[in-house]
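So the chains spell out like this:
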Amino acid sequence: MTQTGKPETRFSPYAGLPLPQPSWDNYKFWEYCKAHELRLQKCSGCGELRYYPRPACPECHSMEFEWTKVSGKGTVYSYTIAHHPVLPFFADKVPLPVGVIKLDEGEVYMVGRLMDVDPGDVKIGMPVQVMFEDVAEDITLPQWRRADD
Amino acid sequence: MTKLWWQDRAAITGIGQTEYSRGLDRSEWDMAAEAIFKAIDDAGLKPEEIDGLSTYNLQHEGFNNYMHQLLGLGNMSYYVSQPHGGGGYASTLAHGALGVASGHCNHLVAFRARARGRKSIFGPGMNEGGRPWEKVEPRLPTGWQYHVPFGLQSPVQEAATITRRYMHDYGWTEDHLGNVAVALRTHGSRNPNAVMRAPMTLEDHNSSRMISDPLRLLDCCIETDGACAVVVSTMDYAKSAPHPPAVFHAFTQSNQPAHYQLTEWWHSKRWNREVTGANLGKRLFAQSDFKHDDISALMVYDHFTSFAILSIEDLGFCGRGEGGAFTEGGALIAPDGRLPLNTHGGQHSEAFIHGFNNVIEAVRQIRGVSTSQVPDARAVVVIEALTDPCGAFILRSN
Ligand SMILES: [Zn+2]
């Protein structure tokens, strides 16, 4: 017969905002964010921009690239309004609009919060502009606000 | 037709499962052991006769490597382990079945055990019980670092962004999502193993609490404890086994080079996921003796209702964007619907065993013993999570 009951396991969820742990492949991206610059890898072989950071170009397979400053302008490709906070940090921030932003430069998509948009006003196609939120000594998150036009 | 040499050369001969519940106060090893021994017994075999083992990687440490020793199974001549969670269950069965079909082993156990109830946490690690995404550390070393700090904290928020875009592009409605939820609960309400059995209406769905817009509470799967196991045997044995065999007929997987942190869902170039999904359906049915109209039932990974609709489109049961309308008129409800879906109630109503209970239900349909039986079920499609690298297979009657 199987045994039931179990020893006490202590677990409490992390109350802060979980932050990125920069790696060899992406630390430059986070360093530029810290300097309030949005720079992405631009392939030296074919000129394609890519995100998330990675060693090689999925278009032409070149491993040569430059960290290129982009306009920081884009549109809302998709979004959600998070009503249920999974992590304690977000408990007082719901309903929370989060966008998948398509950059004006082309096929590059970034996930970020829509910081100044009322949850009821979010629309696919809405123009947005990057802004930088300093959240820790070494980490700044690229977030999004309405573009002026 | 692109027939492959291994087709119809292995079959599921045994199935086993534990009770399903919000919290069983049992370890994953303990639940797995019960399910595995039951499946071996159902197949008419002894544990010492098992010489193959297949499971998923997303388990707590020690599970994959030591299960055969812990249970005193036979000398393993073939063992395999599949990455991913809900994107691993069909492939776990399939890679095991390929080992049997190719002669590497005679009787293989494939299994899954999960302790996902919130009170079932047995350690601080992500795969030591409870919901993995509630156990994040202050720093995120994986691809989660591009989503979680920005508010996509768990699969439901990610799935919501995908669902929102499909609703925008193809006109899927809240009712379409609700049709899936109602079909799942209708089947769950007939199934004594199901955790969720209370009847549900479309209105119940459309008025349920919003979790991550556009996904409501009743668009989401449940979280439970439990384990499932199956035994796959050679056809020689399967023909004389105690139960009618569920024959491993066709199998393929599909993935794209950009699969990382869901990027293919957004990118419109050649690695866009609509290509991934369409390739999966085309390859699967190219192997199959059965056409779409011959399929008796479909088992999908229903972590969220919208992905059931996408699975129907990907497999080619309707055109791209037509999946919403496909759900109308009770099309997904057994026994009379056009394509009965997850006839056990799926991960929404029966239990969340990372999809593996879908495999057991496919076998029940082939054996003719489902609680939502499709008359004369001869071929059942099983497809795993579209949000991981994805596989699908077809089981047939002998
Ligand atoms: Zn390139």
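These numbers were taken from a predicted model, which means no experiment stands behind them. Once a new chain begins, its residue numbering starts again from 1 and follows that chain's sequence as written. In the order they appear in the text, chains get letters beginning with A and ligands get numbers beginning with 1. In keeping with the model being predicted, local features are shown solely for residues with a pLDDT of at least 70 and side-chain atom pairs are shown and tallied solely at 80 or more, while totals for entire chains, interfaces and linings include all residues. Hydrogens are left out, water is left out, and the side-chain values use all remaining heavy atoms of the structure.

Trainee: Any chance you could explain the pairing of strand S4 (residues 107-115) of chain B here in plain terms?
Mentor: Residues and elements named next belong to chain B. Each residue is placed in one exposure class: buried if its accessible area under a 1.4 Å probe, protein chains only, is under 20% of its type's maximum, exposed if it is over 50%, and partly exposed if it falls in between. Helix numbering and strand numbering both begin at the N terminus, where a helix is a DSSP run of H or I of at least 4 residues and a strand a DSSP run of E of at least 2. With 9 of its 9 residues buried, S4 lies for the most part within the structure. Burial of the side chains of S4 extends over both faces: His-107, Val-109, Phe-111, Ala-113 and Ala-115 are buried on one face and Leu-108, Ala-110, Arg-112 and Arg-114 on the other. Whether two strands pair comes down to DSSP finding at least two bridges between them. Relative to strand S8 (residues 225-234), S4 runs antiparallel, the two sharing 9 bridges. Each bridged residue has a counterpart across the sheet, and for Arg-114 the counterpart in S8 is Gly-226.

Trainee: For this particular structure, what's the right way to read the pattern of salt bridges?
Mentor: Pairing is possible between side chains of opposite charge, provided their charged atoms come close. Each reported salt bridge corresponds to a side-chain nitrogen of Lys or Arg within 4 Å of a carboxyl oxygen of Asp or Glu. Counted by the stated rule, this structure contains 21 salt bridges over all chains. Ionic pairing is found between B:Arg139 and A:Asp138, a salt bridge with its closest N-O pair at 2.9 Å. In this pair, B:Arg139 is assigned in strand S5 (residues 139-140) and A:Asp138 in the loop between strand S8 (127-134) and strand S9 (140-146), connecting two distinct chains. On the basis of relative accessible area, B:Arg139 is assigned to the partly exposed category, the value being 28%. Two residues, B:Arg26 and B:Asp30, come together in a salt bridge whose shortest N-O distance is 2.8 Å. Here B:Asp30 falls in the buried class, since its relative accessible area comes to 19%. Linked through salt bridges whose partners overlap, the residues forming this network are B:Lys3, B:Asp8, B:Asp289 and B:Arg396.

Trainee: How do you make sense of the side chain of A:Ser62 when you look at a structure like this?
Mentor: Residue and element names in this part refer to chain A. Along the chain, Ser-62 turns up in the loop between strand S3 (49-50) and strand S4 (65-69). Residue classification places Ser-62 among the buried residues on the basis of a relative accessible area of 17%. Polar contacts, as used here, are pairs of N or O atoms within 3.5 Å; protein pairs need one atom able to donate a hydrogen and one able to accept it. Residues neighboring in sequence count only if both atoms are side-chain atoms. From its side chain, Ser-62 meets the backbone nitrogen of Glu-64 in a polar contact 3.0 Å long.

Trainee: Mind showing me how you'd approach the sheet that holds S4(B) here?
Mentor: Across a sheet, paired strands are connected by hydrogen bonds in the backbone, their directions being either parallel or antiparallel. Residue and element names in this part refer to chain B. Ordered by their spatial adjacency, 9 strands build an open sheet running S3-S2-S4-S8-S1-S9-S12-S11-S10, and the pairing between neighbours is mixed. Both edges of this open sheet fall to strand S3 (78-82) and strand S10 (297-299), since each of them pairs with a single strand only. Averaged over neighbouring strand pairs, the angle between their axes works out to 25° when direction is ignored. In terms of strand pairing, strand S1 (residues 10-17) meets strand S9 (residues 246-254) through 2 bridges, oriented antiparallel. Pairing of Ile-12 across the sheet is with Ala-246, part of S9. We call two residues in contact whenever any of their non-hydrogen atoms come within 4.5 Å of each other. Fitted lines through C-alpha atoms give the axes, limited to the stretch in contact for helices. The angle between two N-to-C directions lies from 0 to 180 degrees. Each of S1, strand S2 (52-56), S3, S4, S8, S9, S10, strand S11 (379-383) and strand S12 (390-397) is contacted by helix H3 (residues 89-101), which is oriented at about 120° to S9, the strand it contacts most. Contacting S9, S11 and S12, helix H8 (residues 273-287) crosses the sheet at an angle of about 150° to S9.

Trainee: Would you take a moment to explain the nonpolar core for this structure?
Mentor: Generally speaking, nonpolar side chains in soluble globular proteins are found buried as a group. Only buried Ala, Val, Leu, Ile, Met, Phe, Trp, Tyr and Cys residues count toward a nonpolar core, and they belong to the same one when joined by side-chain atoms within 4.5 Å. Judged by nonpolar contacts, the single largest core of 91 residues is most densely connected at B:Leu298 and B:Phe317. No other element matches the 6 residues that helix H4 (residues 155-170) of chain B contributes to this core. Counting residues domain by domain, this core receives three or more from each of domain 1 (22-70) and domain 2 (71-149) of chain A. Leave out the neighbours within four places in its chain, and B:Leu298 touches B:Ile312, B:Leu315, B:Phe317, B:Leu339, B:Pro340, B:Leu341, B:Asn342, B:Val381 and B:Ile383. Ranked by size, the runner-up nonpolar core spans 44 residues in total, among them B:Tyr20, B:Ala94, B:Met299 and B:Ala377. Domain limits in this description derive from either an automatic procedure or a database domain assignment.

Trainee: What is the right way to look at the coordination of the zinc ion in this model?
Mentor: Note on metal geometry: ideal angles are 109.5 degrees for four donors arranged tetrahedrally and 90 or 180 degrees for six donors arranged octahedrally. Residues and elements named next belong to chain A. Distances from the zinc ion to its protein donors, Cys-43 (SG), Cys-46 (SG), Cys-57 (SG) and Cys-60 (SG), fall within 2.3 Å. Only nitrogen, oxygen and sulfur atoms qualify as donors, and only when within 2.8 Å of the metal (3.2 Å in the case of Na, K and Ca); with water excluded, sites may look incomplete. Each label reflects the angles at the metal, where four donors whose angles all fall between 85 and 135 degrees are tetrahedral, four or six donors whose opposite pairs open beyond 155 degrees and whose other angles stay between 65 and 115 are square planar or octahedral respectively, and the rest are irregular. Between the 4 donor atoms coordinating the zinc ion, the angles at the centre fall across 99 to 115°, so the site counts as tetrahedral. All donors of the zinc ion belong to a single chain; written as a sequence motif, their spacing is C-x2-C-x10-C-x2-C. A residue pair is termed long-range when its members are at least 10 positions apart, and Cys-43 in strand S2 (residues 39-43) and Cys-60 in the loop between S3 and S4 qualify at 17 residues. Cys-43 sits in the buried class, given a relative accessible area of 4%. A residue is classified by how much of its surface remains accessible, and Cys-60, at 31% relative accessible area, is partly exposed.

Trainee: Any chance you could explain the environment of B:Arg283 here in plain terms?
Mentor: The topology assignment puts B:Arg283 in helix H8. Beyond its immediate stretch of four places on either side in the chain, B:Arg283 contacts B:Thr252, B:Gln253 and B:Ser254.

Trainee: What should I look at first to understand a nonpolar patch on the surface in this one?
Mentor: A surface patch of nonpolar side chains, about 280 Å² in accessible area, is lined by B:Trp29, B:Tyr66 and B:Leu70. Considering the arrangement of structural elements, one finds B:Trp29 in helix H1 (residues 28-42). Only residues above 30% relative accessible area that lack a salt bridge enter a patch, with like-charged residues linked at up to 9 Å and the nonpolar side chains Val, Leu, Ile, Met, Phe, Trp and Tyr linked at up to 5 Å. Computed with the Shrake-Rupley method and a 1.4 Å probe, the accessible areas treat only the protein chains shown as cover for residues.

Trainee: I'm lost on a negative patch on the surface in this one. Help?
Mentor: All names here are of chain B. Asp and Glu count as negative and Lys and Arg as positive, but His and the ends of the chain are not part of the count. Think of each charge as sitting on NZ of Lys, CZ of Arg, CG of Asp or CD of Glu. A contiguous patch of negative charge on the surface is contributed by Asp-175, Glu-203, Asp-204 and Glu-328. Its place among the elements puts Glu-203 in helix H6 (residues 202-206). Relative accessible area serves as the criterion here: at 55%, Glu-203 is assigned to the exposed category.

Trainee: Sorry if this is basic, but what is going on with the packing of aromatic side chains here?
Mentor: The geometry of an aromatic ring pair is captured by two quantities: the separation of the ring centres and the angle between the planes. In this scheme Phe, Tyr and Trp rings, the latter by its six-membered ring, pair at centre separations within 6.5 Å, and the angle between planes marks the pair as stacked below 30 degrees, edge-to-face above 60, and tilted otherwise. Taken as a whole and judged by the stated rule, the model has 19 aromatic pairs over all chains. Ring plane angle 50° and centroid distance 6.3 Å describe the contact between A:Tyr32 and A:Trp67, whose orientation is recorded as tilted. Of this pair, A:Tyr32 sits in helix H1 (residues 27-34) while A:Trp67 sits in strand S4, placing them 35 residues apart in sequence. Linked through ring pairs, A:Phe29, A:Trp30, A:Tyr51, A:Tyr52 and B:Tyr146 together constitute an aromatic cluster. The side chain of B:Arg165 reaches across the aromatic face of A:Tyr77, ending 4.0 Å from its centre. Two conditions define a charge located above a ring, namely a distance within 6 Å from the ring centre to NZ of Lys or CZ of Arg, and an angle within 35 degrees of the ring normal.

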